[in-house]
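# Summary of the model geometry
As a plain string of letters, each chain reads:
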Amino acid sequence: MSSSVRSPSKERKDDASPGLQTPNDASPEHSIATPGHDGGRSSGTKRSREDELEGETSTDRATRSRSASTVARLPGLRVRVKSVCGDLSSVITKLRDSGLSAEERARLDDQADTLREELARLEGCVRFKRRRSTPSTKYVYFFASRSEVYDVYEQDDEITDYVLEFIKFARAKARPAANFTTMPNDVLHLVLRHFRKEAKQLIAMSTVNKQMRDAVRNPIVWRSVDLRAYKSSITDKILYSIVQDDDAFSCVKRLYLRDCSQLTDRSVLKVLRKCYTTIEYIDLEGCERLTEETMRFIMHECKQITALNVRGCSGVSAKYIFDNFFALPDDLVRIKVNDTRGIHGRVDQDDFLKLAESVEEFTAKYKERIGDAAKVQEWEARLNSQSDVLRVAEFIKETSQHVSRWKRGESAACDHAHTIQLVGSRRADPILTLFPECGHVSCVDCTLNERRHMRLIDGEYIYPCGMCHEPMPSPGGFEVVVRGTERRA
């Protein structure tokens, strides 16, 4: 009787499969026995598990065993990932300190690279591709760090996805980004050159630190100076603060100061004295306070210049330009001189006639210098295609002919002008102005009355002359103030 009764411990020992008696395989199912089952087989989950393992080869058992050990390793990988990320965060925080020495920065960079490699290795241990192996709840995971295939049950997906997402986030945050403090100086200079139209931003960058200040003040950065965006606020004082007393502007090739009407000779010459050996293009259009002093320096010192724009510089004399035109370099064919003093606003008759004489001398001089008529025509065609010098000269000649007709007793467009032309002028007489387009002369009051008949054509207001309906000058445009013969008291 006693010999036929087996103890539960003895039953478990006898029924257990020899290939499954390992500590990892021990489970509560082994202690469960079904009384009516033949062959001493266990029931419930145990039987389902063993039915599933029937026909399993040794390779399958080895794969299943490695899978189980990998599942056990996932929590450890998660802890290791968090540790590496913490160390990497500390290193990156230290690298943000701008006071680090070069040796310390290099050491921390190496340490950060090592941690990034470790993080990539850990990601390789968990990285997987997922595909269904059977219609059951199992998936196949391909680990990037080795070629084995592991069977991992679906309940392990949550921890695996968590670790992968954490690694992805950490690597994105720890990705080394280029910044100005670690960028080589040569590369930094090339980057800063793209800010050539943003001089204000460049000057602001120079206040960041010493490295940035030295980079901004390097001549490579200032190949072009463009202050057109600040035309309404730029002054001599501001331009002085930009130029300073170093050699930052010694290689400037292009200077844009269009419509910077508050600048004077003092600040513009400070720039030109820095770069007169390299400057090729100068745009001073609309700089009303500049004088012949700046023009003189450009003509005699800037030998590399190929383009000059002084249009609208009402302080620069057109007469001075035509008198000294051949002092400019021979390569200078792009030059604009319209609306300079003498052909801008109201001009006295005597001053205008002096300008006309200078233009006549200019025309005779260049024809004499070139000599051959064919070459003269070729030079004129080239100059006309890229500048307005010859057109301005022709305009001055035509206007001087209108003045001559007025002196001969012609061109009066109103009764006041006709009276002054016949009997002479007195101080109390109204001002007479000659319209350069048609040559008619009218007093100021009659001109104002005629302007009431203005027309809007193609978005522009036209003021027709009362005599010939040709356009009169716009308000503030070029007019010649003429006089009649002086009347005796």
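These lines cover the structure that appears in this document, whether it is placed above or below. (Residues numbered from 1 in each chain as written. Predicted model: local features only at pLDDT ≥ 70, side-chain atom pairs only at ≥ 80, totals over all residues. Heavy atoms only, no water.)

### Comments concerning the overall build of the chain
What the chain contains, in helices and strands, is 17 helices and 14 strands. Classification of the 489 residues of the chain by burial places 39% in the buried group. Pairs at least 24 residues apart make up 69% of the contacts formed inside the chain by residues separated by at least 6 positions. Just so you have it, the chain exposes about 28700 Å², and 49% of that area is on carbon and sulfur atoms. (Helix = DSSP H or I, 4+ residues; strand = E, 2+ residues; numbered from the N terminus. Buried < 20%, exposed > 50% of the residue type's maximum accessible area, 1.4 Å probe, protein only. Contact = heavy atoms within 4.5 Å. Areas by Shrake-Rupley, 256 points an atom, 1.4 Å probe, with all protein chains shown as cover.)

### Side note on the packing of helix H13 (residues 349–370) against helix H15 (residues 389–407)
Two quantities define a packed helix pair, namely the angle between the axes and the distance from one axis to the other. Orientation of H13 relative to H15, taken along the N-to-C sense of each, is 130°, at an axis distance of 9 Å. Considering their axes alone, H13 and H15 lie oblique with respect to each other. The hand of the H13/H15 crossing is left-handed. On H15, the residues touching Gln-349, Phe-352, Leu-353, Leu-355, Ala-356, Val-359, Glu-360, Phe-362, Thr-363 and Tyr-366 of H13 are Val-389, Leu-390, Ala-393, Ile-396, Lys-397, Thr-399, Ser-400, Val-403, Trp-406 and Lys-407. By residue class, the composition of the contact of H13 with H15 is 13 nonpolar, four polar and three charged. (Axes fitted to C-alpha atoms, helices over the stretch in contact; angles between N-to-C directions. Parallel < 35°, antiparallel > 145°, perpendicular 65-115°, else oblique. Left-handed = near helix turned anticlockwise from the far one by under 90°. Nonpolar A, V, L, I, M, F, W, Y, C, P; charged D, E, K, R; others polar.)

### Brief notes about the sheet that holds strand E6 (residues 281–283)
Pairing is parallel in the open sheet, where five strands are placed in the order E4-E5-E6-E7-E8. Because the sheet does not close on itself, it has two edges, and the strands there are strand E4 (224–226) and strand E8 (334–336). Each strand of the sheet is rotated relative to its neighbour by a mean of 5°, with strand direction disregarded. (Pairing = 2+ DSSP bridges.)

### Section: unusual backbone geometry
For Gln-244, which is not a glycine, the phi torsion comes out positive at approximately 60°. Checked against the element boundaries, Gln-244 lands in the loop between helix H9 (236–243) and strand E5 (254–256). A positive phi angle, close to 55°, is found at Asp-458, a residue other than glycine. By the secondary structure assignment, Asp-458 is in the loop between strand E12 (455–457) and strand E13 (460–462). Given the relative accessible area of 79%, Asp-458 is considered exposed.

### Quick look at the side chain of Thr-433
Take Thr-433: it is sitting in strand E10 (residues 432–434). Beyond its immediate chain neighbours, meaning those up to four positions away, Thr-433 contacts Arg-346, His-440, Val-441, Ser-442, Thr-447, Glu-479, Val-480 and Val-481.

### Focus on the side chain of Ser-387
Examined against the element boundaries, Ser-387 turns out to sit in the loop between helix H14 (373–386) and H15. With a relative accessible area of 2%, Ser-387 lands in the buried category. Each residue touching Ser-387, except ones within four places of it in the same chain, is listed here: Val-333, Arg-334 and Ile-335.

### Some details on H13
Between the first and last C-alpha of H13 there are 32 Å, a value that for 22 residues agrees with the 32 Å anticipated at 1.5 Å per step. Along H13, the residues classified as buried are Gln-349, Phe-352, Leu-355, Ala-356, Ser-358, Val-359, Phe-362, Thr-363 and Tyr-366. On its buried face, H13 sits against helix H12 (318–323), strand E9 (346–348), H14, H15 and strand E14 (479–482). Sitting at the head of H13, Asp-348 places a side-chain oxygen 3.0 Å from the backbone nitrogen of Asp-350. Once H13 finishes, Gly-371 follows within two positions and takes phi at roughly 85°, a positive value. (Expected span 1.5 Å × (residues − 1). Polar contact = N/O pair within 3.5 Å; in protein donor to acceptor, adjacent residues only side chain to side chain.)

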